[in-house]
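# Analysis of the macromolecular model
What follows is each chain in one-letter form.
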Amino acid sequence: MLWVMIRKECLNNLLELRFLVCGGLCIFLAVVSVVVLRADLATKQADYHSNREIYRTEAEEYGGYENLAREGIRVDRPPQNFQVLFYGTEKTLDRTAVVSRDFLPGFEGSSAGNPIVLLFPAADMLFIVGVVLSLLAFFISYDAVAGERERGTLKLLMSYPLPRDTLILAKWIGGYLSLALPFLIALGIGALLIGISGEITFTTEDWQAFVVSGLVSLILIAVMFSIGLFISVLVRNSSTALMSLLAIWVLLALIIPNAGPYIAEVAAPIPAPGAVERLISERIKEVNDQFRQEWGGGGRGRGGRRGMRDMSTEQRAELFQQMQQRREALRKEVNKVTEEIIRDYEQRLRHQVDIARTITRLSPVASYAYANTDIGETGVRHERNLVNGLRAYQRQFSRYILEQQADAVGFGDQEDEDYRIDDMPVFKLRAESLAGRLTARTTDVLLLAVFAVLFFMAAFVSFLRTDIT
Amino acid sequence: MMGLLIRKEVLTHLLSYRFILTFSLFFVLVVSSVQMIALNYSRQVENHAETRRAQEEQLRESGDFRRMRWSGIQAEKAPNPLSIFATGLEREMSRSIRISNSRDVKLGRNKYANPLFVLFSAPDLLYIVNIVGSLLALLFAFDAICGEKEEGTLQLMMANSVPRHTILLAKWIGGYAVLALPFLTAILIAVLFAQLTTSLSFTGAEWTAFSMMLAVAALYLSVFFALGMMISALTHSANISLVFNFLIWVVLVLVIPNTAPIVARAVSPVPSAGVMASKREAVQRQVWGEMRQNRRNQRDMSREERGQQRDEIRARIEEETGKILTAYMRKVDDQISMSILLARISPSSNFVYATANIAGSGLDNFASMRNVIDRYRVDFMEWWQAESHARRQRAESVESQEERQALRDAPVDLDDLPQFTVGRAGLDEILVSAQTDLLLLLLLNMAFFMGAYMSFLRYDLME
C-alpha cells in the first residue's frame, strides 16, 4: 500500500509543470555555477603558480639576506579546490601576504582590486541548495496536504482502508524523492564536470568530502521539506500555506544566517582592528625604548663605527656577535609582545564567531552553510588554518634567515656574495584531514538531523490529529 | 469608474492574508535590520573617534617628524551613515590605511576582521528590497489577472462597460499602492527609530540621498510588480503563473547578478594585484640601485645637488610606477565594465549598482576612494616637504646642536596637517553615475507594463 502511495506521489509531482520547471532550474543552475567557478578556479591556480615564481625571482633580486628578511617574501592565498562548489571565504579580495622577519603576516588586499564580487552573494552550490533548493522544497510541499484537502481528494483517499500514518509517510517519501532526484542529477553533473576537467585534480579525500557534503545537502533538503509538509498539514488553505512558507523561507534562508555576524558584533564587541594595530605598534615602541635604554650606553660607549677602527679583528667579530644576539633578543621580545596581543584579540574574535554561530543555528540553512564550507575547507576554520599556516611559515622563514646569517659579519644592508635562496622554505598549507573537519562540525550536522526528525515528527503527529472534514 | 476599481483593488489586497503577512514581514525585517546595523554604525563611529584621538595624541607627543617621510601616516575614512542601508563596499573602504610613499595602499577587509562577514552578505535594506521586496512584488501581482479569471470575477467585471485598459491601470495603481506604502512606512519608522535610539543622524545632503534611494527602491519594486502583471496576463492559471514568476525571479535576482562578475573574471582576466605591486617595487629598487652605483661619483656633489638628484629619482619612480598602475587599473576597469554589462539585463543588478553608488558605498565610490588616497598622499608629501624646509631654516639660526635637533624633531602642528576626508558626491554627480541604471529600470518598467497591457488587450476570457 505504501508503495502504491509513494508511486502516486512521485508520478503526481513528476507530471506537474512546477516540478519540471524547478527541477530543470536546479540542474541548469548547478551546471552554470560549476562551469563558471571551475573556470575561475583554473585562473586562480594558474595565477598562483606563476605568481609564486615571480615572487621568488623578486626575492632573488634582493641580493642580501638582511634585505630579504626586512622586505620579506610575498605569499599568495592558495586556491581551494572546493571553491567550485562552495565559494565561501574564497570570495575575499585579500589574497597576498608579505612574510618578513619583523611583522606578523596576514593576507591583505590591494586598493587596485576588482571589488564587484563583494556586492552580491556568490552563486555556488551552497547558495543553490541553501536558498534556491530550499525554496523549491517549500514550493513542492506547500500543497501536499492542504491542496488535496482543498480539492477534496484527501477525503476520498481517507475513505479507503488506508491508515493515516501510511499516507503521510508516503507523502513524505514521494515528495522527498522527487526533490532529491533533481539535486542528485545536478550533483552528478557537477561531479562529472569536475572529473573531466583537466585543470582541477580532486584527490580521493576531496571526493570523500564531496560525497559527505552531498549527504549534508540531502539532510538539509529533508529538513526544509519536512517544514513545508508540517505547515501544509497545519494550514487549511494552500495559498495561506504558501505565503507562510515564503515568510519562513525569507527568515531561514536569507535573513537569519546573514544577521548572525551583525548581532554578534553588538552582543560581543571586539576592539576594532585599527585599535589592535595601534596597540601593537605602541607596545613595540615601548619594547624598543626599553632595549635601547638597557643597552644604549654600552653600544655607544665604545664609540660606534669610529671606535671600531682601532679594534682588532677578534674584537670586531666579538662585537658583531654581541650585536647580533641583542638584535635577536629584541626581535624575540617584539614577537612575544605582538603575539600576546594578537592571541588575546583572536580569542575574543573566536568567541564572537561562536556567538554568531550559536544564534544563527536557529536556521538550518546557517548550520548547513557552516558544515559544508568547513567540509570543503572554504570556511571560517580554513581562515584560521591559513593564518596559522602563514605564521608557522614566518617562523620557518626567520629561522632560515638566522641560519644563513649565522656566519656573516656585517651590519646588513650590504649584498651577500653567496646569496642563494634555492633552499629557502616554501609556504605549504597543511590541509586538515576530513575526519578532523567533520568532527569540528558534528554539532551542525547533528542539529540538521535533529531538525529533520523533529519537523517530520511534527508533520506526522499533526496529520494524525488533523480534522479532515 | 477608475476610482471605484482602484478602491476595489486596494480593499481586496488589504483584506487578504497575503497583505498582513507581507506587511508584518517587511516591518519586522526592515526595522530590525536598520536598528541592528545602526547599532554597529554607532560602534564604528566610536571606534573612529577613538582612533583619531589616539592618533592626534601620538602626533602631538612624538618626535617622529623626520621618520614620517618614510613611514607615512595612518588614515581612516569616517563611517558613512548611509551605508547602514547599503553596506556595499563600506567595510572594504573604511579600514585604517597607511598612506606613504614607499608602500602600496591596502584596501579590503582587515587581516584581523571577522571572516563570517565574507561568508554572508549584509542583511541591510538594499538586500531586503533586492531579494525579499522583489519576491513580494511578484507575489502581489502573480494572480492579478489569471487569478480573477479563475475565480470568474474577471468575466463579471468585463460584463460592465469598463474598457480593458482602465481595469489594467486600476489594478496596477491599486496593487502597487498597497505594496509600496507599507514598505515606505516601514522604512521611515525604522529610520526615525534608529535616529532616536542610536547615534545616527543625517545631514541635509544625506536626507536627499536617502530619499533618492527610496525613489530607486520604489522604481525597482514597480519593475517587478509590472513583470508579475505581465506574466499574469500571459497565463491562464494562477499556479502556472506562480511557477513562471518564481523561475524568472530566481534567474533575474539570484543568478545573473551573482554569476556575471565571475564570468567577467574568466572572460576578461586581470593579473593579480600582488604581481603588480611586486613590479612596482622592482622599479623602485632598480632606480635606487642605480643611484647607489653612482654614489661614488657623488662624493664631490654639494648637499643641494644631492637633494635635487634625490627628488629627480623620486619623480622618476613616481612616473614609472604610475605607468604600471595605470595600465593595470585600465584592465581592472575593463573587467568591471564587463561584469556590469553582463549583469545589466537584470533589474536587480541595476538596482544594486545604483543604490550603492547613491549611498556612497558602491563601485564608483571605491574607485574614487583610490583617487582620494592618491591626492592625500601628494598633499601629505607636499606638506612634509614644506614643513621640513621651514624647520631647517628655523634650525639654521640656532647655535646649539641639541636645540637644533629638538627643533627638527618637534611634534607636528595638527592644524597644518592636511586632513583625510572622503566627501560625499553631489546630487548631480550621483545622478550622472547612476543614470544608466535608472534609465534601464525605467525602460524595463515601461516594457513590462506595455507587455502586460498588450497581452491583456488580447486576453481570452472564455478559454
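Rules used in this analysis
Residues numbered from 1 in each chain as written. Chains lettered and ligands numbered in written order. Predicted model: local features only at pLDDT ≥ 70, side-chain atom pairs only at ≥ 80, totals over all residues. Heavy atoms only, no water. Contact = heavy atoms within 4.5 Å. Buried area = accessible area lost by both parts, 1.4 Å probe. Salt bridge = Lys/Arg side-chain N within 4 Å of Asp/Glu carboxyl O. Helix = DSSP H or I, 4+ residues; strand = E, 2+ residues; numbered from the N terminus. Buried < 20%, exposed > 50% of the residue type's maximum accessible area, 1.4 Å probe, protein only. Core = buried A, V, L, I, M, F, W, Y, C linked by side-chain atoms within 4.5 Å. Pairing = 2+ DSSP bridges.

### A word on the interface of chain A and chain B
Taken together, the contact pairs 95 residues of chain A with 94 residues of chain B. Taken over both partners, the interface formed by chain A and chain B buries close to 8,500 Å², and the fraction arising from carbon and sulfur atoms is 70%. Three residues, Phe-120, Met-243 and Tyr-262 of chain A, lead the burial of chain A against chain B; their summed loss comes to 9% of the area buried on that side. Inspection of the chain A/chain B interface yields four salt bridges. Residue Glu-281 of chain B is joined to Arg-74 of chain A by a salt bridge in which the shortest nitrogen-to-oxygen separation is 2.9 Å. Elements supplying a minimum of two residues to the side of chain A that touches chain B: helix H2 (17–60), strand E1 (73–76), helix H4 (125–141), helix H9 (238–267), helix H10 (273–301), helix H12 (313–360), helix H13 (364–375) and helix H14 (380–405) of chain A. Among the elements that line the side of chain A that touches chain B, the one with the most residues is H9 of chain A, at 19 residues.

### Concerning unusual backbone geometry
All names here are of chain A. Even without a glycine there, the phi angle at Glu-377 is positive, about 55°. Relative to the helices and strands, Glu-377 resides in the loop between H13 and H14. Look at Glu-377 and you get buried, because its relative accessible area is 11%.

### Overview of the nonpolar core
For soluble globular proteins, nonpolar side chains are generally found buried alongside one another. Core analysis: the biggest nonpolar cluster contains 256 residues, and Trp-249 of chain A together with Phe-85 and Trp-249 of chain B have the highest contact counts within it. With 20 residues, helix H10 (residues 204–234) of chain B is the single largest residue contributor to this core. With residues up to four places along the chain from it excluded, the contact list for Trp-249 of chain B reads Leu-135 and Trp-249 of chain A together with Ile-131, Ser-134, Leu-135, Leu-138, Phe-224 and Leu-254 of chain B. Membership of the second largest hydrophobic core comes to 21 residues, among which are Phe-107, Phe-397, Tyr-419 and Phe-427 of chain A.

### Looking at the pairing of E1 of chain A
All names here are of chain A. Where burial is concerned, the two faces of E1 agree: the one with Ile-73 and Val-75 and the one with Arg-74 and Asp-76 are both buried. Relative to strand E2 (residues 96–99), E1 runs antiparallel, the two being bridged by four bridges. Among the inter-strand pairings, Asp-76 is bridged to a residue of E2, identified as Thr-96.

### Topic: the pattern of salt bridges
Within this structure, the stated rule accounts for 44 salt bridges over all chains. Arg-74 of chain A is the partner of Glu-58 of chain A in a salt bridge, and the nearest nitrogen-oxygen pair spans 3.5 Å. With Glu-58 of chain A in helix H2 and Arg-74 of chain A in strand E1, the pair connects residues that are 16 residues apart, well separated along the chain. With respect to class, Glu-58 of chain A is no different from Arg-74 of chain A; both count as buried. Where Lys-171 of chain B meets Glu-148 of chain B, a salt bridge forms, and the shortest distance between an N and an O atom there is 2.5 Å. You can see Lys-171 of chain B sitting in helix H9 (residues 164–197) and its partner Glu-148 of chain B sitting in helix H7 (residues 146–151), a full 23 residues away along the chain. What you see here is one network of salt bridges that share partners, running through Asp-40, Lys-44, Arg-77, Glu-90, Arg-95 and Glu-383 of chain A together with Arg-265 of chain B.

So far we have only geometry, and geometry alone does not tell us how the molecule works.
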